[in-house]
Amino acid sequence: MAAPRMILLFGTIHMVFVHFYPFVVCQDNPADYFKREHSLMRPYTGSGASLPMWDMQGHTMITNNYVRLTPDRQSRQGAIWNKVPNRSPNWEIHIEFNVHGQGKTLFGDGFAVWYTKDRMQMGPVFGSKDYHTGLGIYFDTYSNHNGPHNHPHPYISAQINNGTMHYDHDRDGTHTEIAGCHSPFRNRDHETHVAIRYLGGRLAIMTDIDGKAEWKTCIDVDGIKLPTGYYFGISATTGQLADNHDIISVKTYELEGADKSVDYASLNPSADFFSPPRDHIDDPGGAFRGGWTMSLKNMFLLIFCCVLGFFVCLIVGVLIFQKRQEYNRKRFY
Ligand SMILES: *[C@@H]1O[C@H](CO)[C@@H](O)[C@H](O)[C@H]1NC(C)=O
Ligand SMILES: [Ca+2]
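About the criteria used
Residues numbered from 1 in each chain as written. Chains lettered and ligands numbered in written order. Predicted model: local features only at pLDDT ≥ 70, side-chain atom pairs only at ≥ 80, totals over all residues. Heavy atoms only, no water. Pairing = 2+ DSSP bridges. Helix = DSSP H or I, 4+ residues; strand = E, 2+ residues; numbered from the N terminus. Axes fitted to C-alpha atoms, helices over the stretch in contact; angles between N-to-C directions. Disulfide = S-S within 2.5 Å. Buried < 20%, exposed > 50% of the residue type's maximum accessible area, 1.4 Å probe, protein only. Polar contact = N/O pair within 3.5 Å; in protein donor to acceptor, adjacent residues only side chain to side chain. Contact = heavy atoms within 4.5 Å. Donors = N, O, S within 2.8 Å, 3.2 Å for Na, K, Ca; no water. Salt bridge = Lys/Arg side-chain N within 4 Å of Asp/Glu carboxyl O. Patch = residues over 30% accessible without salt bridge, like charges linked within 9 Å, V, L, I, M, F, W, Y side chains within 5 Å. Areas by Shrake-Rupley, 256 points an atom, 1.4 Å probe, with all protein chains shown as cover. Phe/Tyr/Trp six-rings, centres within 6.5 Å; stacked < 30°, edge-to-face > 60°. Lys NZ or Arg CZ within 6 Å of the ring centre and 35° of its normal. Core = buried A, V, L, I, M, F, W, Y, C linked by side-chain atoms within 4.5 Å.

Draft legend 1. Geometry of the sheet that holds strand 2 (residues 54-58). Judged by pairing direction, the sheet is antiparallel, and its seven strands sit side by side in the order 2-5-15-7-8-9-10 without closing on themselves. The sheet is open, and its two borders are formed by strand 2 and strand 10 (179-182), each paired with just one other strand. Looking at each pair of strands side by side, their axes are set apart by 15° on average, direction ignored. Bridge count between strand 2 and strand 5 (residues 77-82): five bridges; the pairing is antiparallel. Following the sheet pairing, Trp-54 is matched in strand 5 by Asn-82.

In structure tokens, the structure reads:
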């Protein structure tokens, strides 16, 4: 009696993982098309201090092994900007980066990955322009804000802007983010990666910072509009506080699934959904904010409880049935 029950139980557990786990993993699709003109890989350059497909700005420095946007020194800014506008409606970009420095408790300020119209414009938002037009993803290492909407740092958040919204450093951009997550990517002794996928109006940001070669969802939001024709860029800044902000590689892929009836070039950047500024502390385990990992755990728990409940009912039912049979036997024979 016990053995088949266990097999059924493990079968269910197995099913949960086999069917839901692939959503967590960022799969390599052979149909995805690598875009060399939007990528950056070692060896960076044949000679001299320039990158073929990228412009450099500010204190950016190239070595054999990384592109350093800022050194671990105060008041530095640097950026790299792709020279070629993106023509793919659906794309995915993988960035290997390394944020590290001497600071044990005080370090900053962070870096930003951009897909924006506003290329090569130095400014106050992690080394680039405020009131930009497009997508900004902020890797904020310093918490400027200690108020009630504070969230643990380092913190990754995404903003969709049409040129009208200000990035408010005093609140770490909380009021204008579409979503965000805590991500301790700094001073790791293994590689740290981020993947940004924009596919069919859905923006997903995944990190791989634990050295397990596994993607973990940070942000997954639908209802995002981004046009073609913008530029990829990465910028970083230090202020009173400092860190090395190093970019090791950028790999960009065109994804399939463009809708021929949509004029992608003329879209205005917009998001259907804005993160409510209040739920950062109240809802750390919320299905959405915590990403798939949390909702997977919840789902697993739910299914486990259902299965358990089912077997309890079954056993009780069988016992009652047996008792009744016995009673009937005694009665009629
Ligand atoms: C820009 O975005 C803001 C905030 O989402 C919105 O209220 C406004 O209508 C947008 N403006 C344009 C020109 O799209
Ligand atoms: Ca900050």
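From this point on, the discussion continues.
Draft legend 2. Layout of the state of the cysteines. Taken as a whole and judged by the stated rule, the model has one disulfide. At a sulfur-sulfur separation of 2.1 Å, the disulfide partner of Cys-181 is Cys-218. Looking along the S-S bond of the Cys-181-Cys-218 disulfide, the torsion reads about -110°, which is the left-handed sense. Of this pair, Cys-181 sits in strand 10 while Cys-218 sits in strand 13 (residues 216-221); the two residues are 37 residues apart in sequence, bridging distant segments of the chain. Of the two residues, Cys-181 and Cys-218, neither departs from the other in class, the shared state being buried.

Draft legend 3. How the structure looks around the side chain of Gln-57. Position of Gln-57 among the secondary structure elements: in strand 2. Side-chain polar atoms of Gln-57 contact the backbone oxygen of Met-120, separated by 3.1 Å. Those residues in contact with Gln-57 that sit more than four places away from it in its chain are Gln-77, Gly-78, Ala-79, Trp-81, Met-120, Gln-121 and Met-122.

Draft legend 4. Local environment of the coordination of the calcium ion (ligand 2). Surrounding the calcium ion (ligand 2) are the protein donor atoms Asp-140 (OD), Asp-140 (OD), Tyr-142 (O), Asn-144 (OD1) and Asp-172 (OD), which sit 2.2 to 2.5 Å from the metal. Sequence spacing among the residues donating to the calcium ion (ligand 2) works out to D-x1-Y-x1-N-x27-D. Accessibility expressed as a relative area gives 30% for Tyr-142, which makes it partly exposed. A relative accessible area of 34% places Asn-144 in the partly exposed class.

Draft legend 5. Focus on the pattern of salt bridges. Taken as a whole, this structure holds 10 salt bridges when the rule is applied. Ionic pairing is found between Lys-83 and Asp-55, a salt bridge with its closest N-O pair at 4.0 Å. Of this pair, Lys-83 sits in the loop between strand 5 and strand 6 (91-100) while Asp-55 sits in strand 2; the two residues are 28 residues apart in sequence, bridging distant segments of the chain. The exposure class of Lys-83 is partly exposed, given its relative accessible area of 37%. The partly exposed category is assigned to Asp-55, whose relative accessible area is 23%. A salt bridge links Arg-119 to Asp-55, with the shortest nitrogen-to-oxygen separation between them at 2.4 Å.

Draft legend 6. Representation of a nonpolar patch on the surface. A cluster of nonpolar side chains, Phe-310, Leu-314 and Val-318, forms an exposed patch at the surface whose accessible area comes to about 250 Å². Position of Leu-314 relative to the elements: it lies in helix 3 (residues 291-332).

Draft legend 7. Structural context of the packing of aromatic side chains. One pass over the structure, following the stated rule, counts 17 aromatic pairs. With centroids separated by 5.5 Å and ring planes inclined at 20°, the aromatic side chains of Phe-126 and Tyr-138 adopt a geometry described as stacked. You can see Phe-126 sitting in the loop between strand 7 (110-116) and strand 8 (133-140) and its partner Tyr-138 sitting in strand 8, a full 12 residues away along the chain. No difference in accessibility class separates Phe-126 from Tyr-138, as the two residues are buried. Between Arg-119 and the ring centre of Tyr-231, over which it is positioned, the NZ or CZ distance is 5.2 Å.

Draft legend 8. Spotlight on the nonpolar core. The biggest cluster of nonpolar side chains holds 44 residues, and the ones touching the most others in it are Ile-95 and Ile-196. Broken down by element, this core gets its largest block of residues, five residues, from strand 6. Ignoring sequence-local partners within four residues, the contact set of Ile-95 consists of Val-113, Thr-192, His-193, Val-194, Ile-196, Ile-234, Ile-247, Ser-249 and Val-250. Within the second largest apolar cluster, eight residues are counted, among which are Ala-79, Trp-81, Trp-114 and Val-125.

Draft legend 9. Examining the side chain of Ser-143 more closely. Looking at where Ser-143 falls in the secondary structure, it is placed in the loop between strand 8 and strand 9 (155-162). Relative accessible area serves as the criterion here: at 19%, Ser-143 is assigned to the buried category. Here His-145 takes part through its backbone oxygen, which lies 3.1 Å from a polar atom of the side chain of Ser-143. Excluding anything up to four places from it in sequence, Ser-143 contacts Asn-150, His-153 and Asp-172.

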